[in-house]
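Observations on the model geometry
Residues per chain, in single letters:
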Amino acid sequence: MTVELLVNGERVEVEASPQTPLLYVLRNDLALNGPKYGCGLGECGACAVLVADRAVRSCAVPLSALKGRPVTTLEGLGTRERPHPVQSAFIARNAAQCGYCLNGMIIATVALLRRTNNPSESEIREALRHHLCRCGTHLEILDAVRAAARAGSPDETHRDHP
Amino acid sequence: MKQPREKPISAYLGDADMLTVTRVSDTGREELFVAIGADGKVRAFNGHVDLGTGIRTALAQIVAEELDVPFQAVEMVLGATEAAPNQGPTIASETIQVTAIPLRQAAATARAHLVRLAAEQLDCVPDDLLVEDGVVRPRAESNRFARYGDLIAGRGIRLRLDAGAALKASSAYRVVGRAQPRIDLPEKATGAFTYVHDVRLPGMLHGRVIRPPYAGFDHGPHVGASLAGVDEGSVADVPGLVCVVTIGDFVGVVATREENAILAMQKLKVTWRDIPAIPDLNRPEEAIRDNPATPRKLADRGDVERALKGVGDIMNRSYVWPFQMHGSIGPSCAVADWRPDGLTVWSGTQNPFPMRSDLSRLMDMPEDLIVVERLEAAGCYGRNCADDVTADAALLSRAAGKPVRVQLTREQEHGWEPKGAGQVIDVRGGLDLEGGPAAYEFETRYPSNLAPTLPLILTGKIPPVAGVAQMGDRTAIPPYAYANMRVTVHDMPPIARASWFRGVSAMPNSFAHESFIDELATAAGVDPIEYRLRYLHDPRAVDLVRAVAERANWQPHTGPFSHGGDGDILYGRGFAYAVYVHGTFPGTAAAWSAWVADVAVNRKTGEIAVTRVVCGQDTGQVVNPDGVRHQIHGNVIQSTSRVLKEEVNFSADAVQSLEWGAYPILRFPEVPQVDVLMVPRPDEPPLGAGESASVPSAAAITNAIFDATGVRFRELPLTPERVRAALNPLPPAPTQEKPKFARRRVAGPLVGAFAGALALGAAVLPWRAPIAPVERPASDMFSAAAIERGRLAAAAGACNVCHIGNDGLAFAGGRALETPFGVVHAPNITPHPEAGIGAWSYPAFERAMRQGVSRDGSHLYPAHPYTSFAKASESDLQALYAYLMQQPASPRKVPQTELRFPFNVRPLMAGWNALYLSSSPVPKDASRGAAWNRGAELVEGLGHCSACHSERNILGAEVKGDRHLGGGYADGWHAPALTALSASPVGWTEDAFYDYLRKGRAADHGPAAGPMAHVVESLAPLPDSDIRAMATYLASLNDKPATDPRSASAGAIEAASAAEPAARMRFPVGARLFEGACASCHNDTAPVASLALNSNVHTETPDNLIQTILHGIPEPVGEREEVMAMPAFGASLSHQAIAELSDYMRARFAPQKPDWADTAGTVRRLATK
């Protein structure tokens, strides 16, 4: 059946069963490759997207849950030419090795900074606690989050879109 | 579409605007290393690939440096078989150290040639020229110059690599040795990068594989020969299914959409033969010692036996390393496009060329028809399932005749990735009279790690025979000058499927070397670093050790407890040093590494935190300091994780750790501070930096724990249980303080009748008179108002929870309902004259509803809750009849219900109705108001809540009196008490009941799941007033809460949080499972209600909790604050794990309640249903 979604500020329609996890539709129907399949169990965070201002795991979000709720993916935050401040911070701090978990790290950071202006070290670590990194890039990632928090730049994504 | 394809070598060689530098390989193949275009852009080629380490950036730096072009002008092509040279697998940290050498020479060859051309053009000698950013000009002037691109244009320059080409002096470096940001990050951080997971071809299909039950084991006669059958009919209804593929033990499915391929994978019925048991690898020492081995002597110096004779106290020590996982964050994925005349694969392989030859064998296709496009994947730290999944994709593409993308699941990657092998090391030695090491006898046992590409053995292309490799010898020779030394490696076949994993056997071998010398130092009464330095003669090693000790401000000490403690927390500091030696023995050394680790140990709980690591490394010349620092950080964090937490868990026949709860890795809150020291060696050759810093980890940490506690740990990982057992042994068999509940006696193996099954129990009860059939009533016989009222009655009665057709058609029946009496099939109640109730008159319908007697006079089994319907109003039943008669008729007959002994014996069941069918009316109480009375009618009548929420006696009748609505069972779920008997920590109020029935969740109780979720869905058409009425009535059955719900709920949450440490102590495995598998959603900040309030952890039995873990809540009903569904963990967690998790959750979230009696048995029962 046709399901209507609001992704990165655009209304889109996809033909899929309402039980389909959002992740597969983002990747296969909308060619949004930022969110990655990591576990399908909501454990690792590689597939994170923002629903409104909250970071959720798109592998565990059925399309039917999204009625009217705006979805923002890594692509919706910024582009290579005009990256989001959090993306810039991660790039500047070399905060990835293989980069497979990077999507979730950036999404979780954006969500954290939207709810907390000036997070403490333990708030940062807690916010990333359920995002797994196997390369051991944690130190660079923490550095990037701290830098993004310090910069406190305006967040100019589609958060206020209908 | 993302369809990356590398240009083949021939395209470069045939381009007149291109300079190329090639070399002819040993096999006669012309291999390209550097190509420079007329636009000045440089492409450089390396057979090694970027596994996420940033090698792409470092290699580009080397080329840019040697060519004198801007860094941005260089693009690296890595691993693609059509373009890159064959330099073997990307292993042993040798990309910079080994495979970059010809690359550098090729760049130097090109530069020298271009400078010569420029000299001719500018009419001067090459020595007078300099090159900057690809522009050649005389040193003395700046207005005459020649660009590389212009020198190349139209000339088609073909150069042979000159291994003797003059290389730049490091003093002249401008790019190498400077921090260079990673090339790939801007794209990776914005979602623009193409990983292998992101490849999409036109017409591409999606495949999934179904692996055999012997997960993680790849040898033995059953491998490739265990498939008993595949029932393709089981997936016939999967939309867009293209094919099911079976070859030996290889099973795969292909569908047009990915979610449907997943569905087919989950639904396909595959039968496997019994498989043999495996050695108990949860105790790897015994299994590895028992594995047949061939000793290979690596060193024999002095006279060990004679030296040991002079030792008073011989130290015999054994060190045990567990099986561990690479644990790529992204399960492997590949795309294959098979055609009769060739195969192209897009792969994340570590080994493009060896894999191509495996594909050639698997597909019976010559290698030169196979193209491997190598794309980046998730980091792998050794060999994961990347090659396996590429072969899977090739097989499925051939079967489907179209390009197919195959994504392994998390469970498949965890289960089947070739593991890092366990290892056992024995050391024998002791002190001589002067306190020096008298002798050192070292024996190491390492199961082999060759792991053939899986589909080759699953399909039977190659025999499932265990090969033996000689890889246990990495860093087996200690770095210390022991005068009397014997080193032996025991080569042995694999046990579990294994491959090389970061540090390979060097990491466990160094664990033994560095623990033992630490112990010698303590025995000799000498500071551990000073003791090492006495026997360490490699000057670069000595420099490094001194530098690291100084950076860490090491305070010499001769025994443990040098750092004191604070209450239960003990502090300690340890040292270890290693050089990682890789390759065929005696091997090649990569970078030197040394650690000082600081730890904090909780002596009560056994928990260990590594708080700080000073890690020094001598990498020789450093190409990209940021890259090397990155590798050191990564190695420190990953190896700390391995040492503290990681071990693969096995069942009796397979790998059992299939997700991150069962295989925990280090998380952000646990990450230590890391201080990196890089020894500057710009004039020494660059060394591999990918693994070295992992190697000293285990000994540094255990030596620090010895400093903190005085106890030596020689087996990993250092789980709290292991540490606690040594530091703080618990009293034997602690007496259970809390009373254990016996499972409450319920009829049969629980599982009561659930809502509304019109079960035909004809065989079990005496016959009554039939009522004559009638014509199906005409459609205009009923008023629209009656039909609408009937619709609501059907909603209130939740008829379709049971009577929904297997095909989704309302009222069509067929669902199999498990009851204590056997399986009951809900009949078809559509108005079909034969298959349904079309021939039933209203009196026949009413008799069935109120008395449980079918039209033909046979008795209905009380799964059909006629005892409740007896209380429904006449007008509701008439309306329901009208409504049902308007439904589409389904001709499908449902299977006959077959009840089991004794319920199929008529005399036993005679008189059931006389005993239990009460025609007592719905309670009425004028003083309670209209809402209460309406609610009573709905709850006790049509709503038939008691059918599930009341216990049943041995004959299946609802228990009355105080226990009416006092909790029962339905379809494998516990239906909690709706009365004051409720076990919930927060009392049920009218508002809570209303929220639950209307919105599918109540703030202080959790969401509706299982059968109740369907009931909530069914109730949706009812007006608010009816829901409110039910809530009013139900609330009246409960005591008025003593405290207000808010503070009761806050109290329960607080109690759970206070109970966490004790629960973690009692159920450490369950605690880790919860942290890894549950806590990402079930945490304090999530909008889902705290589990401390969830009825399922408070009820007397664990059934509902276990059901929810097994099956998840795929689509939560009602109003959703939480958009995430609860995934099913039944295929991801072992039965044992679910039991441990449940026990932990009970202890943590319902701390006042007694332990559940038999969680393991309940899991088995519910999981095998």
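This write-up is about the structure you can find in this document. If you're wondering where the values come from, they're calculated on a predicted model, not measured in any experiment.

1. A closer look at the nonpolar core
Residues and elements named next belong to chain B.
- Core analysis: the biggest nonpolar cluster contains 333 residues, and Val34, Val63 and Ala394 have the highest contact counts within it.
- Residues within four places of Val63 in sequence aside, it is in contact with Val34, Val42, Ala44, Val74, Leu103 and Ala107.
- Counting residues in each nonpolar core, the second largest holds 76 residues, with Ala798, Ala812, Ala977 and Tyr994 among its members.

2. Quick word on unusual backbone geometry
Residue and element names in this part refer to chain B.
- A cis amide bond links Phe585 to the next residue, Pro586, at an omega of 5°.
- When you line up the elements, Pro586 lands in the loop between strand 24 (569–582) and strand 25 (588–602).
- Residue Leu716 is joined to Pro717 through a cis peptide bond whose omega torsion reads -5°.
- Along the polypeptide, Pro717 turns up in the loop between helix 17 (697–709) and helix 18 (720–727).
- Positive phi, close to 55°, is recorded for Ser93, a residue that is not glycine.
- Within the fold, Ser93 resides in the loop between strand 4 (74–78) and helix 3 (95–122).
- We classify Ser93 as buried; it has 24 C-beta atoms within 10 Å.
- At Asn553, a residue that is not glycine, the phi angle is positive and equals roughly 55°.

3. So, the pairing of strand 21 (residues 437–447) of chain B
All names here are of chain B.
- Within strand 21, 11 of the 11 residues are buried, which leaves the element mostly enclosed by the surrounding structure.
- As paired elements, strand 20 (residues 423–431) and strand 21 share 8 bridges and run antiparallel to each other. Opposite Arg428, over in strand 21, you have Glu441 as the bridge partner.
- Connecting strand 20 to the next strand, strand 21, in antiparallel fashion are 5 residues, including Gly435 with a positive phi near 85°.
- Of the pairings in the sheet, the one linking strand 21 to strand 22 (residues 485–492) comprises 8 bridges and is parallel in character. Residue pairing in the sheet places Arg445 in a bridge with His490 of strand 22.

4. Digging into the sheet that holds strand 23 (residues 565–566) of chain B
All names here are of chain B.
- Ordered by their spatial adjacency, 5 strands build an open sheet running 23-24-25-26-27, and the pairing between neighbours is mixed. Lying at the two open borders of the sheet, with one neighbouring strand each, are strand 23 and strand 27 (673–678).
- The sheet contacts of helix 16 (residues 625–645) involve strand 26 (608–618) and strand 27, and relative to strand 26 the element is tilted by about 140°.

5. Considerations on the interface of chain A and chain B
- At the junction of the two partners, chain A supplies 63 residues and chain B supplies 60 residues.
- Of all the secondary structure elements, the ones that give two or more residues to the side of chain A that touches chain B are helix 1 (22–29), strand 4 (54–57), helix 2 (74–77), helix 3 (85–92), helix 4 (102–115), helix 5 (121–127) and helix 6 (138–151) of chain A.
- Residues that form the side of chain A that touches chain B fall into these classes: 30 nonpolar, 22 polar and 11 charged.

6. Examining the packing of helix 35 (residues 1135–1149) of chain B against helix 36 (residues 1159–1167) of chain B
Residues and elements named next belong to chain B.
- In contact at an axis separation of 8 Å, helix 35 and helix 36 are set at 130° when each is read in the N-to-C sense. When the axis of helix 35 is compared with that of helix 36, the two are oblique. Viewed along their axes, helix 35 and helix 36 form a crossing whose handedness is right-handed. Here helix 35 contributes His1135, Gln1136, Ile1138, Ala1139, Ser1142 and Asp1143 to the contact with helix 36, which in turn contributes Thr1159, Ala1160, Val1163, Arg1164 and Ala1167.
- Here the residues of the contact of helix 35 with helix 36 are counted per class, giving 5 nonpolar, 4 polar and 2 charged.

Calculation criteria
- Residues numbered from 1 in each chain as written.
- Chains lettered and ligands numbered in written order.
- Predicted model: local features only at pLDDT ≥ 70, side-chain atom pairs only at ≥ 80, totals over all residues.
- Core = buried A, V, L, I, M, F, W, Y, C linked by C-beta atoms within 7 Å.
- Buried ≥ 20, exposed ≤ 12 C-beta atoms within 10 Å, placed from the backbone.
- Contact = placed C-beta atoms within 7 Å.
- Helix = DSSP H or I, 4+ residues; strand = E, 2+ residues; numbered from the N terminus.
- Pairing = 2+ DSSP bridges.
- Axes fitted to C-alpha atoms, helices over the stretch in contact; angles between N-to-C directions.
- Nonpolar A, V, L, I, M, F, W, Y, C, P; charged D, E, K, R; others polar.
- Parallel < 35°, antiparallel > 145°, perpendicular 65-115°, else oblique.
- Left-handed = near helix turned anticlockwise from the far one by under 90°.

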